[in-house]
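# Results of the structural survey
These are the residues of each chain, in order.
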Amino acid sequence: MPATDPGGGEILADFESGYGGWKITGNCFGTAPATGPLGGQHPVPGFRGKSLVNTFLGGDGTTGTLTSPAFTLTRPFLSFLIGGGAQPGKTCVNLKVGGQTVRSATGQDDEKLNWVSWDTSMWKGQQAV
């Protein structure tokens, strides 16, 4: 049985066993997910489990992308935890369907991870990254 988020959804990635098939570019992710705050970073409240994607590797000056393998949208909502900067287009999580960004979210300018949930019902059955 798949693990679930607090809203009952299936977990697509939890990063407990590394980045798996996710494609990494740039220098902000390191070779493995972090297990908490990185050097010089404030505490990161709100993350679950033992690992998280943390782009503070080397401070705020690093850049990169982390792209999931393609997956099929099977549920009407997609939820995730996000923290960090509120910089649309620069520091964000994007949902792409058919190669187009259809949803985007940023942190709230603090390290705390907060839940974001997107209505994805209009793309049910389609592939996304």
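### Notes on the environment of Leu81
Take Leu81: it is sitting in strand S4 (residues 77-84). Residue Leu81 is classed as partly exposed on the basis of its relative accessible area of 26%. Linking Leu81 and Ser68, residues 13 residues apart in sequence, is a C-alpha distance of 15 Å. When residues no more than four places from it in sequence are discounted, the contact partners of Leu81 are Gly46, Arg48, Leu113, Asn114 and Trp115.

### What to know about the nonpolar core
Of all hydrophobic cores here, the largest spans 12 residues; its members are Phe71, Leu73, Leu78, Phe80, Ile82, Leu95, Val97, Ala105, Val116, Trp118, Trp123 and Ala128. Where this core is concerned, the elements lending two or more residues are S4, strand S5 (93-97) and strand S7 (110-119). The element best represented in this core is S4, accounting for three residues. Excluding its chain neighbours within four sequence positions, the residues that come into contact with Phe71 are Leu12, Leu78, Leu95, Gln126, Gln127, Ala128 and Val129.

### As for unusual backbone geometry
Despite not being glycine, Phe15 has its phi angle at roughly 60°, a positive value. Here Phe15 is to be found in the segment before strand S1 (23-26). Non-glycine residue Asp109 carries a positive phi angle of around 60°. Assignment of secondary structure puts Asp109 in the loop between strand S6 (100-105) and S7.

### Regarding the side chain of Thr120
Note that Thr120 resides in the loop between S7 and strand S8 (127-128). Once residues lying within four places of it in the same chain are set aside, the contact partners of Thr120 are Leu73, Arg75, Pro76, Phe77, Leu78 and Leu95.

### Focus on the packing of aromatic side chains
Counted by the stated rule, this structure contains four aromatic pairs. Taking 5.0 Å as the distance between ring centres and 65° as the angle between the ring planes, the aromatic pair formed by Phe15 and Trp22 counts as edge-to-face. The partly exposed category is assigned to Trp22, whose relative accessible area is 25%. Centroid distance Phe80 to Trp118: 4.7 Å. Interplanar angle 65°. Geometry classified as edge-to-face. Here Phe80, found in strand S4, pairs with Trp118, found in strand S7; they are 38 residues apart in sequence, far enough to count as distant.

### Quick look at the side chain of Ser68
Note on placement: Ser68 falls in the loop between strand S2 (64-67) and strand S3 (71-72). Using a relative accessible area of 12% as the deciding quantity, one classes Ser68 as buried.

### Some details on the pairing of S5
As paired elements, S5 and S6 share five bridges and run antiparallel to each other. When the bridges of S6 are listed, Val93 appears paired with Ala105.

### Digging into the state of the cysteines
For the structure on display, the rule yields zero disulfides. Not engaged in a disulfide, the cysteine Cys92 finds its nearest cysteine sulfur in Cys28; these two sulfurs lie 12 Å apart.

What counts and what doesn't
- Here the residue index of a chain counts from 1 through its sequence in written order.
- In keeping with the predicted nature of the model, local features appear solely for residues at pLDDT of at least 70, side-chain atom pairs appear and are counted solely at 80 or more, and the whole-chain, interface and lining totals rest on all residues.
- The side-chain quantities take in all heavy atoms of the structure and omit both hydrogens and water.
- Runs of E in the DSSP output that reach at least two residues are strands. Runs of H or I that reach at least four are helices, and both are numbered from the N terminus.
- Only protein chains enter the calculation, and the probe is 1.4 Å; a residue is then buried if its accessible area is under 20% of its type maximum, exposed if over 50%, and partly exposed in between.
- Here a residue-residue contact requires only that any non-hydrogen atoms of the pair lie within 4.5 Å.
- Here, nonpolar core means buried Ala, Val, Leu, Ile, Met, Phe, Trp, Tyr and Cys residues that are tied together by side-chain atoms lying within 4.5 Å of each other.
- Stacked, tilted and edge-to-face are the three classes applied to pairs of Phe, Tyr and Trp rings, where Trp contributes its six-membered ring and a pair requires centres within 6.5 Å; stacked means planes under 30 degrees apart, edge-to-face means over 60, and tilted covers the rest.
- At least two DSSP bridges between two strands are required for those strands to pair.
- The rule for a disulfide is simple: a pair of cysteine sulfur atoms within 2.5 Å.

None of this, on its own, says anything about what the molecule does.
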